[in-house]
Amino acid sequence: ADASTLQTVLDLKTKGYDVYGVETTETAITLWDAPISSSNPVAFVFGNELIGVDVEVLEECKNVISLPTYGNKNSLNIA
């Protein structure tokens, strides 16, 4: 895992954030079905186009959520 990403996730968790990984996996919950609470601050982790979010980072996330896309490609461009 990218040490800085993993460390940031760990730091956010100690500050009370609910951290969610955004990734397409078999166990991912769609955003609109995810149990996201409004009582805690929330952070989302997005991966890169080649490998997505590292497994070690996903393991530290509260849940993995997906943002379904339409069409032939299954990718989300963020800037």
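Everything below is about the structure printed above this text.
Quantities reported herein were computed from a predicted structural model and do not represent experimental measurements.

Thoughts on a nonpolar patch on the surface
Step number 1: Nonpolar side chains collect at one region of the surface, where Leu31, Trp32, Ile36, Phe44, Phe46, Tyr70 and Ile78 lie side by side and expose about 790 Å² of accessible area between them.
Step number 2: With respect to the element layout, phenylalanine 46 can be found in strand β3 (residues 42-46).

Some details on helix α1 (residues 3-14)
Step number 1: Along its twelve residues, α1 runs 17 Å from first to last C-alpha, staying within 8% of the 16 Å computed at 1.5 Å per residue.
Step number 2: At the exit of α1 stands glycine 16, carrying a positive phi of roughly 95°.

Concerning the pattern of salt bridges
When the charged atoms of two side chains lie near each other, side chains of opposite charge can form a pair.
Step number 1: The final tally for this structure, using the stated rule, is two salt bridges.
Step number 2: Residue lysine 62 pairs with aspartate 18 through a salt bridge whose shortest N-O separation is 3.5 Å. Highlighted residues: lysine 62 in the loop between α2 (55-60) and β4 (63-66) and aspartate 18 in strand β1 (residues 18-22), separated in sequence by 44 residues.
Step number 3: With a relative accessible area of 46%, lysine 62 lands in the partly exposed category.

Thoughts on the pairing of β1
Step number 1: With five of five residues buried, β1 lies mostly within the body of the structure.
Step number 2: Burial along β1 is two-sided: Asp18, Tyr20 and Val22 facing one way and Val19 and Gly21 facing the other are all buried.
Step number 3: Across five bridges, β1 lies against β3 in parallel orientation. Its bridge partner being in β3, tyrosine 20 is matched across the sheet by phenylalanine 44.
Step number 4: Relative to β4, β1 is paired through three bridges, and the arrangement is parallel. Note that in β4 the partner of glycine 21 across the bridge is valine 64.

Describing the side chain of aspartate 18
Step number 1: Here aspartate 18 falls in the buried class, since its relative accessible area comes to 9%.
Step number 2: Within the structure, the side chain of aspartate 18 is placed 3.2 Å from the side chain of asparagine 40, a separation counted as a polar contact.
Step number 3: At a separation of 3.5 Å, a polar atom in the side chain of aspartate 18 contacts the side chain of lysine 62.

Reading the values: rules and limits
- Residues numbered from 1 in each chain as written.
- Predicted model: local features only at pLDDT ≥ 70, side-chain atom pairs only at ≥ 80, totals over all residues.
- Heavy atoms only, no water.
- Patch = residues over 30% accessible without salt bridge, like charges linked within 9 Å, V, L, I, M, F, W, Y side chains within 5 Å.
- Areas by Shrake-Rupley, 256 points an atom, 1.4 Å probe, with all protein chains shown as cover.
- Salt bridge = Lys/Arg side-chain N within 4 Å of Asp/Glu carboxyl O.
- Helix = DSSP H or I, 4+ residues; strand = E, 2+ residues; numbered from the N terminus.
- Expected span 1.5 Å × (residues − 1).
- Buried < 20%, exposed > 50% of the residue type's maximum accessible area, 1.4 Å probe, protein only.
- Pairing = 2+ DSSP bridges.
- Polar contact = N/O pair within 3.5 Å; in protein donor to acceptor, adjacent residues only side chain to side chain.

Any link to function would need more than the numbers given here.
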